[in-house]
Amino acid sequence: MNSPGDEYLPFLKEAGCDPGVIEHCLVVRDVAVRIASDIVNAGTDVDTCLVAAGAVLHDIGRSKTHGMAHADEGGVICRSLGIDERVCLIVERHIGAGLKADERAKLGLRPVDRVPETLEEKIVAHADNMVRGSRILCKEEFATSLEKFDEQVRSRFLMLSDELERLRQPANC
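So, here's what we can say about the structure.

What counts and how
- Residues numbered from 1 in each chain as written.
- Predicted model: local features only at pLDDT ≥ 70, side-chain atom pairs only at ≥ 80, totals over all residues.
- Heavy atoms only, no water.
- Helix = DSSP H or I, 4+ residues; strand = E, 2+ residues; numbered from the N terminus.
- Rg over C-alpha atoms; globule rule 2.2 N^0.38 Å.
- Buried < 20%, exposed > 50% of the residue type's maximum accessible area, 1.4 Å probe, protein only.
- Contact = heavy atoms within 4.5 Å.
- 1 Å grid on protein atoms, 1.4 Å probe; cavity = no way out; pocket = protein on both sides within 12 Å on 5 of 7 lines; lining within 4 Å.
- Points joined across faces, edges and corners; volume = space filled by probe spheres on them.
- Expected span 1.5 Å × (residues − 1).
- Polar contact = N/O pair within 3.5 Å; in protein donor to acceptor, adjacent residues only side chain to side chain.
- Core = buried A, V, L, I, M, F, W, Y, C linked by side-chain atoms within 4.5 Å.
- Salt bridge = Lys/Arg side-chain N within 4 Å of Asp/Glu carboxyl O.
- Axes fitted to C-alpha atoms, helices over the stretch in contact; angles between N-to-C directions.
- Parallel < 35°, antiparallel > 145°, perpendicular 65-115°, else oblique.
- Left-handed = near helix turned anticlockwise from the far one by under 90°.

1. Considering the overall build of the protein
Right, on to step 1. Within the protein, the secondary structure is distributed over nine helices and two strands.
Right, on to step 2. Scanning the protein from its N terminus toward the C terminus, one meets helices and strands in the order α-α-α-α-α-α-α-β-β-α-α.
Right, on to step 3. Taking 173 residues into account, the globule formula puts the C-alpha radius of gyration at 16 Å, and the protein, at 15 Å, falls close to it.
Right, on to step 4. The dimensions of the protein, computed from C-alpha atoms along their principal axes, are 50 × 45 × 25 Å.
Right, on to step 5. Looking at the protein residue by residue over its 173 residues, the buried ones come to 46%.

Printed below as a string of C-alpha cells:
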C-alpha cells in the first residue's frame, strides 16, 4: 500500500539523496501527515496531500549540500522538476521555525525571509523539528534541543509548536 507523497520518492533518488536522507524524509512525512490529519479531524482544513509532498521533498537540497543552503537548493531543484510552487515554498521555508532575512544574512545566505506562512508550510517545518535522523523526538527532547538557540529563535519554535498543538485539539462546543 502506498503512503501519501510516495510518488515523489523517485525525485529524491534521481537528485542523488543518500538513503539516510530519504529515510529521514519519510519519517518527517509520517509525522507531518499525522499532525495534518489531527488538525483536519479537529475541524480545520489542511491539504494533507500537499503536506505529504512537501515533507517527502523537504530535504531534496541535501543532494547538493548539507549546509543551511540546502533549503534554497531544494527550491531550485523542485522548480527545475516542475513541482507545484506551493511545494517549492514548503521546501524553502522548512528550516527550524523559519529564518528571517537578517538571520539568513548572518549565515551567508541570500537575505530573504524564509518563514513558514501557510498551515501546510508550518506543519512540515514543525514535523522536521520533531525528527532527528529517523527518530521522532519526545516533547522533552524537543524542548532540550531548543536550548542552543537565542531567546528570539527559541520563542519562534515554541510559538509554532503551540499553534499546531492548539489546532490539533477539537473545538469545544
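2. What about the side chain of S161?
Right, on to step 1. Turning to its location among the elements, S161 is positioned in helix α9 (residues 151-168).
Right, on to step 2. With residues up to four places along the chain from it excluded, the contact list for S161 reads H126 and F142.

3. Focus on the layout of surface pockets
Right, on to step 1. Here the largest pocket is characterised by a volume of approximately 650 Å³.
Right, on to step 2. The wall of the largest pocket is formed by 29 residues, among which M68, I95, G96, F149 and F157 lie closest to the centre.
Right, on to step 3. For the lining of the largest pocket, the elements supplying multiple residues, two or more each, are α6 (101-106), α7 (119-129), β1 (131-132) and α9.
Right, on to step 4. With four residues, α9 is the single largest residue contributor to the lining of the largest pocket.

4. Examining helix α4 (residues 70-80)
Right, on to step 1. Among all positions of α4, only H70, A71, D72, G74, G75, I77 and C78 are buried.
Right, on to step 2. Positive phi appears at G82, one or two residues downstream of α4, with a value of about 75 degrees.

5. Comments concerning the environment of A127
Right, on to step 1. Checked against the element boundaries, A127 lands in helix α7.
Right, on to step 2. Separated by 22 residues in the primary sequence, A127 and F149 place their C-alpha atoms 18 Å from one another.
Right, on to step 3. Excluding anything up to four places from it in sequence, A127 contacts V28, V31, A32 and I35.

6. A look at helix α2 (residues 19-41)
Right, on to step 1. Compared with an ideal rise of 1.5 Å per residue, which puts 23 residues at 33 Å, α2 spans 33 Å between its outermost C-alpha atoms and is within 8% of the ideal.
Right, on to step 2. Looking at where α2 begins, the residue whose side-chain oxygen comes 2.9 Å from the main-chain nitrogen of G20 is D18.
Right, on to step 3. G43 sits one or two positions beyond α2 and adopts a positive phi of about 110 degrees.

7. Considerations on the nonpolar core
Right, on to step 1. Among the nonpolar cores identified, the biggest contains 43 residues, and L12, L57 and I123 are the most heavily contacted of them.
Right, on to step 2. Secondary structure elements with two or more residues in this core: α1 (9-15), α2, α3 (48-57), α4, α5 (85-92), α7 and α9.
Right, on to step 3. If you tally residues by element for this core, the top one is α2, at 10 residues.
Right, on to step 4. Leave out the neighbours within four places in its chain, and L57 touches Y8, F11, L12, C78, I83, V87 and V91.

8. A closer look at the pattern of salt bridges
Right, on to step 1. By the definition in use, this model includes 18 salt bridges.
Right, on to step 2. A salt bridge links D72 to R114; its shortest N-O distance comes to 3.1 Å. Residue D72 is found in helix α4, and its partner R114 is found in the loop between α6 and α7; the two are separated by 42 residues along the sequence. The same class applies to D72 and to R114, which are both buried.
Right, on to step 3. When salt bridges with common partners are traced through the structure, they connect D72, R79, E85, E92, R104 and R114 into a single cluster.

9. A closer look at the packing of α2 against α7
Right, on to step 1. The N-to-C vectors of α2 and α7 enclose an angle of 130 degrees; their axes lie 8 Å apart at closest approach. As the angle between them shows, α2 and α7 are arranged oblique. In the crossing of α2 with α7, the sense of the turn from one axis to the other is right-handed. Together, H24, V28, V31, A32, I35, A36 and I39 of α2 and L119, I123, V124, H126, A127 and D128 of α7 make up the contact between the two elements.

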